[in-house]
Amino acid sequence: ARERLGLALAHYEAAHTFYLQGNGGRTLVMIDLDLFDLYTAVHAASSSSSGNPECLEKALLCLLETHHAFHCHHNQPDQRNNAELRELIRLSGLVGERLPKVLLQLTKTCSVVGASDNSDKNSTSSQQTLQQTSQPILLSTMVESYKKLYLASIKFKWPSSSNDNEAMRQSLVAVGEFLQKDVHEVLVALRQGN
């Protein structure tokens, strides 16, 4: 099962890379949503899921990566028809449903990890002591970033379909900008943790 999962992940990531290079649009979003589902399923199936936020972080990054597909409408006036725009609007709603859920899970998971790390201070090595004191600070920073993103994601006005292509296009650009704006902050926090 582990080999099949690794193979599926490799195929999804290769497809993601391919569509990311071009203008993948809805295909890119669907791949990112499938990758999100895969990472959350691995997290749920993991025996240590309550203490390891890695799969949830990767799932979050999949959602944030969809900004490429939504943001591409900024400079493309009428290249997409109404049906394509409606599909992208629908997919942005799926991103909007999943985003606060994974952020809430990450907040809880990182809070649990931080609490358990604070209770395990039995080492004598100065390097271990330094790592133990810096890790809760980093986790605290990450938890605050996740909380901030969670609040922003539930306050954000996710778009709905309309008959006006320009209005739908502008809504998709707003989704792309919302996701892109927050990508940098989360990526910086995650890279500091790794």
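Definitions and limits used
Residues numbered from 1 in each chain as written. Predicted model: local features only at pLDDT ≥ 70, side-chain atom pairs only at ≥ 80, totals over all residues. Heavy atoms only, no water. Axes fitted to C-alpha atoms, helices over the stretch in contact; angles between N-to-C directions. Helix = DSSP H or I, 4+ residues; strand = E, 2+ residues; numbered from the N terminus. Parallel < 35°, antiparallel > 145°, perpendicular 65-115°, else oblique. Left-handed = near helix turned anticlockwise from the far one by under 90°. Contact = heavy atoms within 4.5 Å. Nonpolar A, V, L, I, M, F, W, Y, C, P; charged D, E, K, R; others polar. Salt bridge = Lys/Arg side-chain N within 4 Å of Asp/Glu carboxyl O. Buried < 20%, exposed > 50% of the residue type's maximum accessible area, 1.4 Å probe, protein only. Phe/Tyr/Trp six-rings, centres within 6.5 Å; stacked < 30°, edge-to-face > 60°.

Enquirer: When you look at the packing of helix α1 (residues 2-21) against helix α2 (residues 25-45) in this model, what are you seeing that I'm missing?
Expert: Any two packed helices are characterised by how steeply their axes cross, that is the angle between the axes, and by the distance between the axes. Put simply, α1 and α2 touch, their axes get as near as 10 Å, and they point 155° apart. Comparing their axes, α2 and α1 come out roughly antiparallel. In this structure, α1 crosses over α2, and the sense of that crossing is left-handed. Of the residues in α2, those touching α1 at Leu 5, Leu 9, Tyr 12, Glu 13, Ala 15, His 16, Tyr 19 and Leu 20 are Thr 27, Leu 28, Ile 31, Asp 32, Asp 34, Leu 35, Leu 38, Tyr 39 and Val 42. For the contact of α1 with α2, the residue count by class is 12 nonpolar, 2 polar and 3 charged.

Enquirer: Which parts of the structure should I look at to understand the pattern of salt bridges?
Expert: As a working rule, side chains carrying opposite charge can pair if their charged atoms are close by. Counted under the stated rule, the structure contains 5 salt bridges. With a closest N to O distance of 2.7 Å, Glu 87 and Arg 90 form a salt bridge. Of this pair, Glu 87 and Arg 90 both sit in helix α5 (residues 82-119), 3 residues apart, which is roughly one turn of the helix. Salt-bridge contacts for Glu 166 lead to Arg 169; the nearest nitrogen and oxygen are separated by 3.0 Å. Of this pair, Glu 166 and Arg 169 are both found in helix α7 (residues 165-193), 3 residues apart, which corresponds to roughly one turn of the helix. Of the residues examined, Glu 166 reaches a relative accessible area of 38% and is grouped as partly exposed.

Enquirer: Honestly, the packing of aromatic side chains in this entry has me stumped. Any pointers?
Expert: Geometry of an aromatic ring pair is reported as the spacing of the ring centres plus the angle between the planes. Going through the model one piece at a time under the given rule, you end up with 3 aromatic pairs. Note on Phe 156 and Trp 158: the rings are 4.9 Å apart at their centroids and 75° apart in plane angle, and the pair reads as edge-to-face. For the pair formed by Phe 156 and Trp 158, the shared burial category is buried. A ring pair is formed by Phe 156 and Phe 178, whose centres lie 4.3 Å apart and whose planes are at 15°; its orientation type is stacked. Taken together, the residues Phe 156 in the loop between α6 (126-155) and α7 and Phe 178 in helix α7 connect sequence positions 22 residues apart. Across this residue pair, the class does not change: Phe 156 and Phe 178 are buried. An aromatic cluster is present here, built from Phe 156, Trp 158 and Phe 178 joined pairwise through their rings.

Taken by themselves, the reported measurements are silent on function.
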